[in-house]
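# Survey of secondary and tertiary structure
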Amino acid sequence: QVQLVESGGGLVQAGGSLRLSCAASGRTFSNYHMGWFRQAPGKEREFVAAVTWSGSTTAYADSVLGRFTISRDNAKNTVYLQMNSLKPEDTAVYYCAADMDGDYLSSRKYDYHYWGQGTQVTVSS
């Protein structure tokens, strides 16, 4: 079992920044890949970013490339999502997720086994 707890969401003006954190517990954090997804009202949950177990490789959705940065600190069992140049369309609940057995980074939500409860990000125009 893996428990994931997100934090850092909030209300920010367009052009601003937020940093989300996701603290993991339960199994060796450095053994699995991590991802961030988001879900806006009335929309499907969509991929945002992912990072390999070592932190050496990352992947991003086109919509956030160049604005968001995913990273992890295995000593702290935490993955981060630094979000810059935020836009109103980034408004959503953001979820972190753990992929326990992937050989590569996946953008498919069905490949992730554990999920956090989500943190709300609201970007005002």
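Note: the structure precedes this text.
This section reports on the structure supplied with the text. From a predicted model like this one, the values you see are computed outputs, not experimental measurements.

As a further point, take unusual backbone geometry. Within the chain, Asn-77 stands out as a residue other than glycine whose phi angle is a positive 55°. Along the chain, Asn-77 falls in the loop between β7 (68–73) and β8 (78–83). One non-glycine residue, Ser-85, lies in the positive phi region at around 50°. Structurally, the position occupied by Ser-85 is in the loop between β8 and β9 (92–99). A residue is classified by how much of its surface remains accessible, and Ser-85, at 41% relative accessible area, is partly exposed.

A word on the sheet that holds β7. Ordered by their spatial adjacency, 4 strands build an open sheet running β1-β3-β8-β7, and the pairing between neighbours is antiparallel. In this open sheet, the two edge strands, each paired with only one partner strand, are β1 (3–7) and β7. When the angles between neighbouring strand axes are averaged without regard to direction, this sheet yields 15°. Looking at chain direction, β1 and strand β3 (residues 18–25) are connected through 5 bridges and run antiparallel. The residue of β3 that forms the bridge with Val-5 is Ala-23.

The tally for this structure, following the rule as stated, stands at 5 aromatic pairs. When the ring of Phe-29 is compared with that of Tyr-32, the centres are 5.7 Å apart and the planes differ by 85°; the resulting orientation is edge-to-face. Relative accessible area serves as the criterion here: at 2%, Phe-29 is assigned to the buried category. Ring geometry for Phe-37 versus Tyr-112: centroids 5.1 Å apart, planes at 75°, classification edge-to-face. Of this pair, Phe-37 sits in strand β4 (residues 33–39) while Tyr-112 is found in the loop between β9 and β10 (114–115), placing the two residues 75 residues apart along the sequence. On the basis of relative accessible area, Tyr-112 is assigned to the buried category, the value being 5%. Taking the ring centre of Trp-115 as reference, the NZ or CZ of Arg-45 above it sits at 4.9 Å.

Calculation notes
Counting restarts for each chain: residues are numbered from 1 in the order of the written sequence. Predicted model: local features are reported for residues with pLDDT of at least 70 only, side-chain atom pairs are reported and counted for 80 or more only, and whole-chain, interface and lining totals are derived from all residues. Hydrogen atoms and water are omitted, and side-chain values are computed over all heavy atoms in the structure. Put simply, DSSP marks the helices as runs of H or I at least four residues long and the strands as runs of E at least two long, and each gets a number from the N terminus on. To sort residues, take the accessible area from a 1.4 Å probe on protein chains only and compare it with the maximum for the residue type: under 20% means buried, over 50% means exposed, and anything in between is partly exposed. Pairing between two strands is assigned when DSSP locates at least 2 bridges connecting them. Helix axes are fitted only over the stretch in contact, all axes being lines through C-alpha atoms; the angle between N-to-C directions runs from 0 to 180 degrees. Aromatic pairing here means that ring centres of Phe, Tyr or Trp (its six-membered ring) are within 6.5 Å. Orientation follows from the plane angle: under 30 degrees is stacked, over 60 is edge-to-face, and everything else is tilted. In this scheme, the term charge over a ring applies when either NZ of a lysine or CZ of an arginine sits within 6 Å of the ring centre and within 35 degrees of the ring normal.

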